[in-house]
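One-letter residues, chain by chain:
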Amino acid sequence: MLDIAFAKPALPKSGALALLIHEGEKPSGLWAQLDEATGGAIARAFDVAEFKGAKGKSCLILAPGANLTRVLAVGLGKPAELTQKILEEAGGAVASNLSKETNVAVANSALTAQQAAEVALGAVLRGYRFDRYRTKEKPEDKSKLAKVTVLTSEHTKAKAAWEPLDATAKGVFLTRDLVSEPPNVLDPPEMAERCRKLSELGLKVEILGPKEMGKLGFGALLGVSQGSVKEPRMVIMHWNGVSGNGRKSKEKPVVFVGKGVTFDTGGISIKPAGGMEDMKWDMAGAGTVIGLMAALAGRKAKVDAIGLVGLVENMPSGNAQRPGDVVTSYSGQTIEVINTDAEGRLVLADVLWYAQQKFDPKFMVDLATLTGAIIIGLGHEYGGLFSNDDALSQKLTAAGQVTGERLWRMPLDEAYDKQIRSDIADMKNVGGRPGGSITAAQFVQRFVNGKPWAHLDIAGMAWSTKDAAVTPKGATAFGVRLLDRLVADNYES
Ligand code: BES
Ligand code: MN
Ligand code: ZN
């Protein structure tokens, strides 16, 4: 992770400087000083590049003089329209354009402490790399960027403002690492072990194996797992930010549930070979819950939160579940498994029911790379939101807007629920092609016992094939910042 520092504004004596400039802003402060020290090179470069500070525009100047190697100007747009997202994206532009520099200072005429921290967050998030399995990377291909110093007169306050954002970034990185890991390394037992390590942050971690889940009657989750030689796990992570140490909370805990299919071959209803490697990230819902819990604990959020993940591998084998099998879920409801590739909902069914029985949640949010159909519906811009609660939906949508992890609400309706009626059992696990994401959500809702609940179908959002402003291509950790923000804005005492 990038080293972040805050300091009072002063022209650096070497290295690189990034100037964050508003549309229509006149040179002042460091910008004016630098222009003078370089004999007007900055103004000339802006002129040539027609750089005027528009949002999303940038201008890179090499060896401008004044002993600096690079100067990068980043446009912030109109001052009245400045948002956290714009500041983060400016930080992201610094990390992506100045990756050949070791030390970068970032300046703006009027950054508050909080804004300086938001710029730092963008730089850190954009600077993420997963290179654990590269042994032959050429030095010239590696990022050299080691330290970003954001210049602000409120530098002491900025350091304090950075602390919770630092914890959130660490949670995002944990999720990205988990989602990036190959499926031979990150199987259910290994993923559970990585959860166990979170006890270092003060989380209480419980791990259940196949025997315990068998005793409880997790027929739906275990049916998915039975074709794999890898044992399943359910992990329960508790963050007691309010209760504990003799204190008790008046509030019920907030509960997050994640689908953790460490690899989804489809099972006997096997997927085609092309692109199947993508199904290593079918554990992204669980990965997100784990990173979220790390973020909440890392910033000592004043909330009682519980994260539960159902971890299985979906494989075809002589012992695999068959299309036509009927399984009995932990809730007692029976399920006809028509398609073994609709496995995520089977995992969620048992974990959600457990969460509700055991913890009496204030609300539950589940995250899952549940359906290919949500990618057809919403593409890679919005996650699908399904909920039985308008207030919770509104809070989630609002948190999505500020963090840029946006959600679009989709319908739930008895009319769709009819599609999953079975001739032999209480329900079947697929409802045909029409409204595929909705019937999947209807299935999940059958395991919600009247509690406020939201289901986030993140199949289109968990992985990106293109670099974005604060997210390099690969695992995005979509949902960590969204839910961290949901908690921070609404549920902390
Ligand atoms: N993990 C997949 C959904 C998925 C597909 C995620 C593509 C990311 C990219 C899920 O388990 C699945 O296979 N769903 C099926 C459901 C169908 C059998 C009803 C699907 O979407 O095709
Ligand atoms: Mn599947
Ligand atoms: Zn799946």
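For the structure itself, consult the block above.
One structure accompanies this document, and this report is about it. (Residues numbered from 1 in each chain as written. Chains lettered and ligands numbered in written order. Predicted model: local features only at pLDDT ≥ 70, side-chain atom pairs only at ≥ 80, totals over all residues. Heavy atoms only, no water.)

**Re the coordination of the manganese ion (ligand 2)**
Threshold: Note that water is not among the atoms used; donors are N, O and S atoms within 2.8 Å of the metal (3.2 Å for Na, K and Ca), so sites may look incomplete. Here a site with four donors is tetrahedral if all angles are between 85 and 135 degrees, and a site with four or six donors is square planar or octahedral if opposite donors are over 155 degrees apart and the other angles are between 65 and 115; anything else gets the irregular label. Numbering of helices and strands runs from the N terminus, with a helix taken as a DSSP run of H or I at least four residues long and a strand as a DSSP run of E at least two residues long. Partly exposed residues are those whose accessible area sits between 20% and 50% of the maximum for their type, while under 20% is buried and over 50% is exposed, using a 1.4 Å probe and protein chains only.
The protein atoms that coordinate the manganese ion (ligand 2) are Asp264 (OD), Asp341 (O), Asp341 (OD) and Glu343 (OE), at distances of 2.1 to 2.2 Å. Classification of the site at the manganese ion (ligand 2) as irregular follows from its six donor atoms and the range of 70 to 167° in their angles at the metal. In this structure, the manganese ion (ligand 2) lies 3.2 Å from the zinc ion (ligand 3), and both are coordinated by Asp264. One end of the pair, Asp264, is in strand 9 (residues 254-264); the other, Asp341, is in the loop between strand 12 (334-336) and helix 10 (344-359), and 77 residues separate them in sequence. Of the residues examined, Asp264 reaches a relative accessible area of 3% and is grouped as buried. By relative accessible area, Asp341 is classed as partly exposed at 22%.

**Quick word on the coordination of the zinc ion (ligand 3)**
At 2.0 to 2.4 Å from the zinc ion (ligand 3) lie its protein donor atoms, namely Lys259 (NZ), Asp264 (OD), Asp282 (OD) and Glu343 (OE). Because the angles between the six donor atoms bound to the zinc ion (ligand 3) fall within 78 to 176°, the donor set is best described as octahedral. Here the donor residues for the zinc ion (ligand 3) map to a single chain with the spacing K-x4-D-x17-D-x60-E.

**A few points about the packing of aromatic side chains**
Condition: Any two rings among Phe, Tyr and Trp, with Trp reduced to its six-membered ring, count as a pair given centres within 6.5 Å; such a pair is stacked if its planes are under 30 degrees apart, edge-to-face if over 60, and tilted if neither.
All chains considered together, the criterion is met by 13 aromatic pairs. When the ring of Tyr330 is compared with that of Tyr354, the centres are 6.2 Å apart and the planes differ by 40°; the resulting orientation is tilted. Separated by 24 residues along the polypeptide, Tyr330 in the loop between strand 11 (326-328) and strand 12 and Tyr354 in helix 10 bring together distant segments of the chain. Tyr330 gets classed as partly exposed once you look at its relative accessible area, which sits at 22%. By way of ring pairs, the aromatic residues Phe218, Tyr330, Tyr354 and Phe359 are connected into one cluster.

**Re helix 10**
To keep it simple, the criterion reads: To estimate how far a helix should reach, multiply one less than its number of residues by 1.5 Å.
Between the first and last C-alpha of helix 10 there are 22 Å, a value that for 16 residues agrees with the 22 Å anticipated at 1.5 Å per step. When you tally the buried positions in helix 10, you get 14 out of 16 residues, the bulk of the element. Where helix 10 terminates, the next one or two residues include Asp360, which has phi positive at roughly 45°.

**Overview of empty space enclosed by the protein**
Heads up, the condition is: In the cavity and pocket records, a cavity denotes points on a 1 Å grid over the protein atoms alone where a 1.4 Å probe fits but cannot get out, a pocket denotes an open set with protein on both sides within 12 Å along at least 5 of 7 lines, and lining residues are residues with an atom within 4 Å of a point. Grid points are joined across faces, edges and corners, and a volume is the space filled by probe spheres set on the points. Each residue is assigned to one of three groups, with Ala, Val, Leu, Ile, Met, Phe, Trp, Tyr, Cys and Pro labelled nonpolar, Asp, Glu, Lys and Arg labelled charged, and all others, Gly among them, labelled polar.
All chains considered together, the criterion is met by one cavity of 30 Å³ or more. Taken as a whole, the largest cavity spans an internal volume of roughly 30 Å³. If you trace the largest cavity, you find it lined by Gly223, Val224, Gly267, Asn314, Met315, Ala320, Gln321 and Thr340. A per-class count over the lining of the largest cavity returns three nonpolar, five polar and no charged.

**Notes on the layout of surface pockets**
In this approach, a probe sized like a water molecule rolls over the atoms, and the result shows the empty space that is left. In this model, the second largest pocket occupies a volume close to 950 Å³. Around the second largest pocket, the lining is made up of 32 residues, and of these Gly127, Tyr128, Arg129, Phe130 and Asp131 lie nearest the centre. Put simply, the parts of the chain that give the lining of the second largest pocket at least two residues each are helix 3 (84-97), helix 4 (113-126), helix 5 (155-180) and strand 19 (474-475). Here the residues of the lining of the second largest pocket sort into 14 nonpolar, six polar and 12 charged.

**A short note on the pattern of salt bridges**
Rules: The rule for a salt bridge is simple: a side-chain nitrogen of Lys or Arg has to be within 4 Å of a carboxyl oxygen of Asp or Glu.
Taken as a whole and judged by the stated rule, the model has 28 salt bridges. A salt bridge links Glu251 to Lys362, with the shortest nitrogen-to-oxygen separation between them at 2.5 Å. Separated by 111 residues along the polypeptide, Glu251 in the loop between strand 8 (233-240) and strand 9 and Lys362 in the loop between helix 10 and strand 13 (363-368) bring together distant segments of the chain. The class of Lys362 is partly exposed, set by a relative accessible area of 26%. We note a salt bridge from Asp360 to Lys451, for which the minimum N-O separation is 2.5 Å. Residue Asp360 is located in the loop between helix 10 and strand 13, and its partner Lys451 is located in the loop between helix 14 (436-445) and strand 17 (453-457); the two are separated by 91 residues in the primary sequence. In the salt-bridge network here, residues are joined through shared partners; they are Arg132, Glu181, Glu190 and Arg194.

**A few points about the nonpolar core**
Spelled out, the test is: We call a set of buried residues a nonpolar core when its members are Ala, Val, Leu, Ile, Met, Phe, Trp, Tyr or Cys and they connect through side-chain atoms within 4.5 Å of each other.
Met237, Phe256, Leu456 and Leu483 are the most contacted members of the largest nonpolar core, which totals 50 residues. The element that contributes the greatest number of residues to this core is helix 9 (residues 284-298), accounting for nine residues. Formed by 42 residues, the second largest nonpolar core is a distinct cluster that contains Ala18, Leu76, Ala113 and Ala120.

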